[in-house]
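A closer look at the structure
In case you want the letters, here they are:
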Amino acid sequence: MIPGAFEYHRPKDMEGVLAVLQEHGDDARVIAGGHSLIPMMKLRMADIPHLIDLQDVQGLNSITVGDTITIGAMVTQHHIIENHALASAAPIMREASLQIADPQVRYMGTVGGNVANGDPGNDMPGLMQCLDATFTLVGPDGEREVAARDFYEAAYMTDREDEEVLTQVRFDKPQGGFAYEKQKRKIGDYATAAAAVQIVKDGDTCASASIAMTNLSDTPIYSEDAGAALAGTTVDDTAIEAAVAAMLGDIDPTEDNRGPIEFKRHAAAVILRRAIARAWSRA
Amino acid sequence: MAKKMHIKLTVNGQEEEFLAEPRELLIHTLRERLNITGPHIGCETSHCGACTVTVNGKSVKSCTMFVAQADGADVTTIEGLGSPDNLHVLQRAFKENHGLQCGFCTPGMITRASKLLEENPNPTEEEVRFGMAGNLCRCTGYQNIVKSILAAAAELNSAKEAAE
Ligand SMILES: Cc1cc2nc3c(=O)[nH]c(=O)nc-3n(C[C@H](O)[C@H](O)[C@H](O)COP(=O)(O)OP(=O)(O)OC[C@H]3O[C@@H](n4cnc5c(N)ncnc54)[C@H](O)[C@@H]3O)c2cc1C
Ligand code: FES
Ligand code: FES
């Protein structure tokens with residue numbers, strides 16, 4: 001389990017990172033926590049001649065909480081769990097982070113790595129779609145922004161260009177009730193099915209709902225129709241079943257060591273029912 | 001062939017300097033280069049936690065960190081926690097509560113538990129189980145590991161109270 005040889009770069013600023021990326025193009029890649037990348041390199045599924053470590057780059061480590069919330073790319077899952085301001089403004093972030101991997105991995109795994117990786121098993125991309133987050137990317141031509149809901153194209157394929165680095169995620173302070181519900185084979189595992197739900201309540205009815213699913217297609221799935229099925233209802237059983245049916249119309253799971261397609265669709269339905277019920281009870 | 005890098009590490013309080021290929025994994029540096037064989041290689045795939053060490057205050061699976069990433073870091077292994085003549089509270093608690101059988105997972109368990117108790121000195125049983133979820137044991141069934149960690153926490157807390 002020894003990865004291929006590489007040259008290691010540890011620039012102090014983003015200009016340094018971009019310079020190496022521009023010089024080596026496809027042959028260079030950034031490393032954040034390394035807890036997705038290093039396992040791939042050890043399996044020799046990734047061969048990266050130039051590795052650019054982001055750990056010394058300034059300005060990627062902060063969390064700011066207000067009407068808008070921004071989280072720097074190098075903020076770890078451990079930081080998210082420990083940040084009280086974030087936990088009270090966007091409790092779904094903490095609830096989801098606690099369900100990612102194990103303590104050791106959470107000290108290292110970053111938001112930037114989790115959302116940029118493009119692995120359908122990662123939990124943050126679906127969460128970011130539920131929250132309608134915006135990603136900031138910086139490249140040789142400057143900065144641009146992409147909606148999380150437009151970012152994912154296929155497994156390991158995203159809208160990010162090779163010479164671009166993701167610097168932060170940003171979303172409006174979420175409103176109403178929330179739930180991150182995840183079915184996994186054992187603690188620390190990737191999802192068999194996971195659902196991120198935010199519901200806004202107005203009197204007895206649901207004003208709006210946002211629903212996204214993880215590891216049930218080759219990208220995260222934001223199910224606009226599932227959210228719409230709840231809006232204007234009292235979130236009774238009929239509405240929940242309509243939302244589940246809409247979600248099942250949007251996902252496209254494949255058979256793998258987490259089970260056959262029918263099982264995954266079953267797990268997705270169970271998880272979404274639970275997530276809606278919990279989010280509604282907190283709304 | 002990639003160039004070797006000049007690496008500086010502080011391991012258990014001792015400064016180490018050497019040349020290494022950046023792709024060298026920290027667990028191999030510790031075990032093969034520095035002869036610090038407390039941290040074990042169980043799975044080599046980031047799952048078992050037998051290789052857990054503390055790097056700059058974080059519990060890290062050292063099979064999943066390049067030595068280049070650790071350049072400049074402060075590393076603590078089981079060897080830095082206690083010695084046979086002067087056992088760490090956790091080492092004594094594991095011994096007294098049968099927290100180990102074959103002992104393969106134990107260095108990783110204790111190194112991780114030391115960080116857990118630092119962050120949460122008075123954990124519930126559930127918090128111990130959750131905080132130790134990155135460490136696997138094939139022998140004990142975990143009951144006595146949890147018991148050992150709770151016993152160490154109680155001992156540390158009563159020592160603290162006595163000192164106050
Ligand atoms: C045992 C184990 C269990 C796990 N379980 C889960 C789980 O349940 N859920 C989950 O979501 N994840 C899980 N993970 C993955 C973990 O959360 C990863 O750490 C995370 O997905 C990637 O973050 P990283 O900082 O380690 O990224 P890295 O591994 O450093 O990078 C991953 C990829 O993203 C790119 N990248 C990183 N940062 C940036 C950036 N700022 N801009 C552009 N590209 C970037 C890298 O080039 C690389 O291609 C698990 C990992 C392990 C080892
Ligand atoms: S050897 Fe590192 S986690 Fe198993
Ligand atoms: S005591 Fe044998 S693996 Fe834990």
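Residues numbered from 1 in each chain as written. Chains lettered and ligands numbered in written order. Predicted model: local features only at pLDDT ≥ 70, side-chain atom pairs only at ≥ 80, totals over all residues. Heavy atoms only, no water.

Per an unreviewed UniProt entry, chain B is named Carbon monoxide dehydrogenase, and its organism is Marivivens niveibacter.

Chain A is annotated in an unreviewed UniProt entry as Carbon monoxide dehydrogenase from Marivivens niveibacter.

1. Describing the overall build of chain A
The number of helices and strands found in chain A is 12 helices and 14 strands. By the compact-globule yardstick of 19 Å for 283 residues, chain A fits well, its C-alpha radius of gyration being 19 Å. Seen along its three principal axes, the alpha-carbon backbone of chain A occupies a region of about 60 × 45 × 35 Å. Among the 283 residues that make up chain A, the fraction classed as buried is 55%. The contacts of chain A with a sequence gap of at least 6 include a subset with a gap of at least 24, amounting to 62%. For chain A, the accessible surface area stands at approximately 11,500 Å², while carbon and sulfur atoms represent 46% of it. Placing the 24 positive and 42 negative side-chain charges of chain A at their respective mean positions leaves the two points 9 Å apart. (Helix = DSSP H or I, 4+ residues; strand = E, 2+ residues; numbered from the N terminus. Rg over C-alpha atoms; globule rule 2.2 N^0.38 Å. Buried < 20%, exposed > 50% of the residue type's maximum accessible area, 1.4 Å probe, protein only. Contact = heavy atoms within 4.5 Å. Areas by Shrake-Rupley, 256 points an atom, 1.4 Å probe, with all protein chains shown as cover. Lys, Arg positive; Asp, Glu negative; His and termini not counted. Charge placed at Lys NZ, Arg CZ, Asp CG, Glu CD.)

2. Some thoughts on the domain arrangement of chain B
All names here are of chain B. One can read the domain layout of chain B as domain 1 (5-80) and domain 2 (89-163). On a C-alpha basis, the centres of domain 1 and domain 2 stand 22 Å from each other. The partner domain 2 presents 12 residues to the 18 residues of domain 1 that form the contact. Between domain 1 and domain 2, roughly 1,100 Å² of surface is buried when both sides are summed, and carbon and sulfur atoms account for 58% of that area. Joining domain 1 to domain 2, the criterion identifies zero salt bridges. (Domains from an automatic or database assignment. Buried area = accessible area lost by both parts, 1.4 Å probe. Salt bridge = Lys/Arg side-chain N within 4 Å of Asp/Glu carboxyl O.)

3. Examining the interface of chain A and chain B
Contacts between the two partners involve 32 residues from chain A, matched on the other side by 33 residues from chain B. Applying the counting rule to chain A against chain B returns two salt bridges. Ionic pairing is found between Asp 102 of chain A and Lys 61 of chain B, a salt bridge with its closest N-O pair at 2.6 Å. Across the contact surface, chain A and chain B share 14 residue pairs in polar contact (both at pLDDT 80 or more). Of all the secondary structure elements, the ones that give two or more residues to the side of chain A that touches chain B are β1 (7-9), α2 (37-42), β3 (50-53) and α6 (103-108) of chain A. Of the residues forming the side of chain A that touches chain B, the biggest block, six residues, is contributed by α6 of chain A. Residue composition of the side of chain A that touches chain B, by class: 18 nonpolar, seven polar and seven charged. (Polar contact = N/O pair within 3.5 Å; in protein donor to acceptor, adjacent residues only side chain to side chain. Nonpolar A, V, L, I, M, F, W, Y, C, P; charged D, E, K, R; others polar.)

4. Regarding the sheet that holds β3 of chain A
Think of a sheet as strands paired side by side through backbone hydrogen bonds, with each pair either parallel or antiparallel. Residues and elements named next belong to chain A. One open sheet accounts for three strands, arranged β1-β3-β2; its pairing is parallel. Looking along the sheet, the strands with just one partner apiece sit at the ends: β1 and β2 (28-31). Neighbour to neighbour, the strand axes of the sheet diverge by 25° on average, direction disregarded. Where helix α1 (residues 14-24) meets the sheet, its contacts fall on β1, β2 and β3, and the angle it forms with β2 comes to roughly 150°. (Pairing = 2+ DSSP bridges. Axes fitted to C-alpha atoms, helices over the stretch in contact; angles between N-to-C directions.)

5. So, a negative patch on the surface
Residue and element names in this part refer to chain A. A surface patch of negative charge is lined by Asp 26, Asp 27, Asp 47, Glu 153, Glu 161 and Asp 162. Here Asp 47 is to be found in the loop between α2 and β3. With a relative accessible area of 61%, Asp 47 lands in the exposed category. (Patch = residues over 30% accessible without salt bridge, like charges linked within 9 Å, V, L, I, M, F, W, Y side chains within 5 Å.)

6. Some details on the pairing of strand β7 (residues 142-147) of chain A
All names here are of chain A. Relative to β7, strand β6 (residues 134-139) runs antiparallel, the two being bridged by six bridges. Note that in β7 the partner of Phe 135 across the bridge is Val 146. Adjacent in sequence and paired antiparallel, β6 and β7 are bridged by two residues.

7. Some words on the domain arrangement of chain A
Here chain A is described as being made up of domain 1 (7-53), domain 2 (63-172) and domain 3 (179-282). Relative to domain 3 of chain A, the C-alpha centre of domain 1 of chain A lies at a distance of 35 Å.

8. Looking at the environment of Gln 77 of chain A
All names here are of chain A. Mapped onto the fold, Gln 77 is located in helix α3 (residues 77-82). Exposure remark for Gln 77: the relative accessible area of 3% places this residue in the buried category. As a C-alpha pair, Gln 77 and Gly 109 span 32 residues in sequence and 6.1 Å in three-dimensional space. When sequence neighbours within four positions are dropped, the list of residues in contact with Gln 77 reads Ser 97, Ile 100, Val 105, Arg 106, Gly 109, Thr 110, Asn 114 and Met 124.

9. A closer look at a nonpolar patch on the surface
Taken together, the side chains of Met 1, Leu 43 and Met 45 of chain A define a hydrophobic patch exposed on the protein surface, amounting to about 310 Å² of accessible area. Position of Leu 43 of chain A relative to the elements: it lies in the loop between α2 and β3.

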